[in-house]
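One letter stands for each residue in the lines below.
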Amino acid sequence: MSGRLLRLVCTVAVAAQAVLVAVPATAAPEPDPAGQRPVAELLTDLQRLYREAEQATETYNATEEKLKEQRARVSRLDGELARVRLSLHDSRGAAGRLARQQYQSSTDISPYVRLLLARNPQQALDQGHVIGQLARDRAETVGRLTGTERKADELARKAREALDRQLTLTQKRKKQRDDVRDRLDDIEGLLAGLTPEQLTALADFEKKGIDQAQREIMSAPGAPGTSLEPSRAGDTALRYAVQQIGKPYEWGAEGPETYDCSGLTSQAWAKAGIPIPRTSQEQWAQLPHIPLSDLRPGDLVIYHPDATHVALYLGEGMIVHAPRTGESVKVAPLASLPVLGAVRPEGARGSV
């Protein structure tokens, strides 16, 4: 992404971005204009509720990913079990045919006596060889039948266990979904109880905190540079993310019309041909870590001590992210939230 395009995106997006980006309050608490609860206290409560909702969302996302994998496992086991049962049906048919043949050709005379009584001993020997081959065929058929039955029993057991696991995950996901909704109801209740003056005071108070945090992080040793160019994959991922600016945040969403934070980053890098984990916590756990001083556009910035938020680095100290419920994908300062660290998705594959 060229520097000119970057500056254009930053200028337009920052001018249009919504307020109330959650960061630790840095200014001294002041009472709101209506003389009610202090603005800092309101902001702290709102940040806590948003944080809890984001934690619940990422937990839900992780369970959703496990459920997708489990559904695929159940489907694979069901397909394999169906094939084995068909093979078992064929083996039982073959065993039945051999049993009928054995019954129809059975005799009480031993092969040794038949040889002594035969008019043509060589013919008797040839018949004995054929009979022996048939016996070996019967033994192999019975062996295949027994082995297939054991395999079918084992697959049926695994399929039952996989289905039980799927049902457990489904119930767990429902509980987590309800938890997210409860958290969002708390946020809605708090915001609904605020006056327009309080909302304006919150916006002003928070912007001061963001500005101060941004100055500190950009002037500190090891701050992000301004001259690093994105990799080819990083440029593709970032362009995809920029194209989503203005689309609403929706928890659990992966596009194309709505996104949550990790839904945006995972889809952006999938567009670049590099699949990454679905959740911000797994992105932090599995992708190569880099220092902030090495940040280049397209890298991921992880937020909060428990890695519950993620954004794509745009450059010039700015990020693109899906912030939270009630907001849209937008450009924001790097220090909009407490930074945990950064990761580079294509680093593990050696891409440039």
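Residues numbered from 1 in each chain as written. Predicted model: local features only at pLDDT ≥ 70, side-chain atom pairs only at ≥ 80, totals over all residues. Heavy atoms only, no water.

Engineer: How should I be thinking about the environment of Leu-194 in this particular structure?
Structural biologist: Residue position: Leu-194 is located in the loop between helix H4 (121-192) and helix H5 (196-219). Sequence separation between Leu-194 and Leu-42 is 152 residues, and the spatial gap between their C-alpha atoms is 9.3 Å. Filtering out sequence-adjacent residues up to four positions away, Leu-194 remains in contact with Leu-42, Leu-199 and Leu-202. (Helix = DSSP H or I, 4+ residues; strand = E, 2+ residues; numbered from the N terminus. Contact = heavy atoms within 4.5 Å.)

Engineer: Just checking my understanding: could you explain the pattern of salt bridges for this structure?
Structural biologist: Once their charged atoms are close, side chains differing in charge can pair, the charge on each being opposite to the other. Per the counting criterion, the structure on display carries 16 salt bridges. Residue Lys-207 is joined to Asp-211 by a salt bridge in which the shortest nitrogen-to-oxygen separation is 3.0 Å. Note that Lys-207 and Asp-211 are positioned in helix H5 at a spacing of four residues, about one turn of the helix. Assessed through its relative accessible area of 31%, Asp-211 is described here as partly exposed. Asp-235 serves as the salt-bridge partner of Arg-239, at 2.9 Å between the closest nitrogen and oxygen. Of this pair, Arg-239 and Asp-235 both sit in helix H6 (residues 232-243), four residues apart, which is roughly one turn of that helix. Among the residues examined, Arg-239 registers a relative accessible area of 36% and is labelled partly exposed. Residues joined by salt bridges that share partners form a network here, namely Glu-65, Lys-68, Glu-254, Asp-260 and Arg-278. (Salt bridge = Lys/Arg side-chain N within 4 Å of Asp/Glu carboxyl O. Buried < 20%, exposed > 50% of the residue type's maximum accessible area, 1.4 Å probe, protein only.)

Engineer: It is not clear to me how the packing of aromatic side chains should be interpreted in this structure. Could you clarify?
Structural biologist: One pair of aromatic rings is described through two measures. These are the centre distance and the angle between the planes. Tallying each qualifying case throughout the model produces one aromatic pair. Taking the centre distance of 4.9 Å and the plane angle of 80° together, the rings of Tyr-60 and Trp-251 count as edge-to-face. With Tyr-60 in helix H2 (residues 39-104) and Trp-251 in the loop between H6 and helix H7 (261-271), this residue pair connects regions lying 191 residues apart in the sequence. Residue classification places Trp-251 among the buried residues on the basis of a relative accessible area of 18%. (Phe/Tyr/Trp six-rings, centres within 6.5 Å; stacked < 30°, edge-to-face > 60°.)

Engineer: Is there a simple way to explain the packing of H6 against H7 in this structure?
Structural biologist: A packed helix pair is summarised by two numbers, namely the angle formed by the two axes and the spacing between the axes. Running from amino to carboxyl end, H6 crosses H7 at an angle of 130°, the nearest separation of the two axes being 8 Å. With respect to H7, the element H6 is oriented oblique. The two elements H6 and H7 cross, and the hand of that crossing is right-handed. In contact with Ala-233, Gly-234, Thr-236, Ala-237, Tyr-240 and Ala-241 of H6, H7 contributes Leu-264, Gln-267, Ala-268, Trp-269 and Lys-271. (Axes fitted to C-alpha atoms, helices over the stretch in contact; angles between N-to-C directions. Parallel < 35°, antiparallel > 145°, perpendicular 65-115°, else oblique. Left-handed = near helix turned anticlockwise from the far one by under 90°.)

Engineer: Would you mind going over a negative patch on the surface with me for this structure?
Structural biologist: A surface patch of like charges, here negative, comprises Asp-182, Asp-185, Asp-186 and Glu-188. Checked against the element boundaries, Asp-186 lands in helix H4. (Patch = residues over 30% accessible without salt bridge, like charges linked within 9 Å, V, L, I, M, F, W, Y side chains within 5 Å. Areas by Shrake-Rupley, 256 points an atom, 1.4 Å probe, with all protein chains shown as cover. Lys, Arg positive; Asp, Glu negative; His and termini not counted. Charge placed at Lys NZ, Arg CZ, Asp CG, Glu CD.)

Engineer: Would you mind going over the side chain of Thr-279 with me for this structure?
Structural biologist: As for its position among the elements, Thr-279 is in the loop between H7 and helix H8 (280-286). Beyond its immediate chain neighbours, meaning those up to four positions away, Thr-279 contacts Glu-58, Asn-61, Ala-62 and Ser-262.

Engineer: Is there a simple way to explain the environment of Gln-166 in this structure?
Structural biologist: Topologically, Gln-166 is positioned in helix H4. Judged by its relative accessible area of 17%, Gln-166 is buried. Along the sequence, Gln-166 and Leu-67 sit 99 residues apart, while their C-alpha atoms lie 6.3 Å from each other. The residues touching Gln-166, leaving out its near neighbours within four places in the chain, are Leu-67, Gln-70, Arg-71 and Val-74.

In short, the description is geometric, and any link to function would need to be established separately.
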